[in-house]
Amino acid sequence: QVQLVESGGGLVQPGGSLRLSCVASASTFSSYAMGWFRQAPGKDRDFVAAISWSGGNTFYADSVKGRFIISRDNAKNTVYLQMNSLKPEDTAVYYCTADPRSSPDVRAERTYMYWGQGTQITVSS
């Protein structure tokens, strides 16, 4: 069983920045595709960003493209989500997720086998 532990959440003002981190327990982390999803109150969980096992390919939801950056450090078993120019509509619980099979449908929840507990991001003045 792979454990994913997110950190870096909190309260930030509109226009501010935060960086989320997710540490994975798997020794085979470097072979996993990784993703971030988010769920706002009363809404479905939505895709935010994904990164291939090598870090060579990244994918973003249209709503965060140009503002968020996903990256990974395989030596540290960690994936990051740098969030800039935050908006109130970015308020949600953010989940880190892992796909050991590197499936092509990176935007679908069903692709991912392992999920973290989530970390709250609140964007408010």
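Our subject is the structure that appears above.
Structure report, in brief. (Residues numbered from 1 in each chain as written. Predicted model: local features only at pLDDT ≥ 70, side-chain atom pairs only at ≥ 80, totals over all residues. Heavy atoms only, no water.)

## Structural notes on the overall build of the protein chain
Stated precisely, the cut-off is as follows: Helix and strand labels come from DSSP, where a helix needs a run of H or I of at least four residues and a strand needs a run of E of at least two; each type is numbered from the N terminus. The globule rule used here is 2.2 Å times the number of residues to the 0.38 power, and the radius of gyration it is set against is calculated over C-alpha atoms. Classification of residues uses two cut-offs on accessible area relative to the type maximum, computed with a 1.4 Å probe and protein chains only: under 20% is buried, over 50% is exposed, and between them is partly exposed. Only heavy atoms enter the contact rule, under which two residues are in contact if any of them lie within 4.5 Å. Only the protein chains shown count as covering a residue, and every accessible area follows the Shrake-Rupley method with a 1.4 Å probe. Counting rule for charge: Lys and Arg are taken as positive, Asp and Glu as negative, and neither His nor the chain ends is counted. To locate a charge, take NZ of a lysine, CZ of an arginine, CG of an aspartate or CD of a glutamate.
Helix and strand content of the protein chain: zero helices and 11 strands. Sequence-ordered secondary structure for the protein chain, helices as α and strands as β, is β-β-β-β-β-β-β-β-β-β-β. Taking 14 Å as the expected radius of gyration for a compact globule of 125 residues, we find that the protein chain reaches 13 Å, a close match to that expectation. In terms of overall dimensions, the protein chain has a C-alpha envelope of 40 × 25 × 25 Å along the principal axes. Here the protein chain holds 125 residues, and the buried ones make up 46% of them. Sequence separation of at least 24 residues holds for 57% of the intrachain contacts in the protein chain that already meet a minimum separation of 6. Per element, the accessible surface of the protein chain, about 6300 Å² overall, is 46% carbon and sulfur. Taking the average location of the 12 positive side-chain charges in the protein chain and that of its 10 negative ones, the two points are 4 Å from each other.

## Describing the state of the cysteines
Convention followed: Any pair of cysteine sulfurs within 2.5 Å is marked as a disulfide.
For the structure shown, the criterion picks out one disulfide. Covalent S-S linkage joins cysteine 22 and cysteine 96, the inter-sulfur distance amounting to 2.1 Å. In this structure, the disulfide formed by cysteine 22 and cysteine 96 twists by about -80° around the S-S bond and is classed as left-handed. One end of the pair, cysteine 22, is in strand E3 (residues 18-24); the other, cysteine 96, is in strand E9 (residues 92-99), with 74 residues separating them in the sequence. Note on accessibility: cysteine 22 and cysteine 96 belong to one class, buried.

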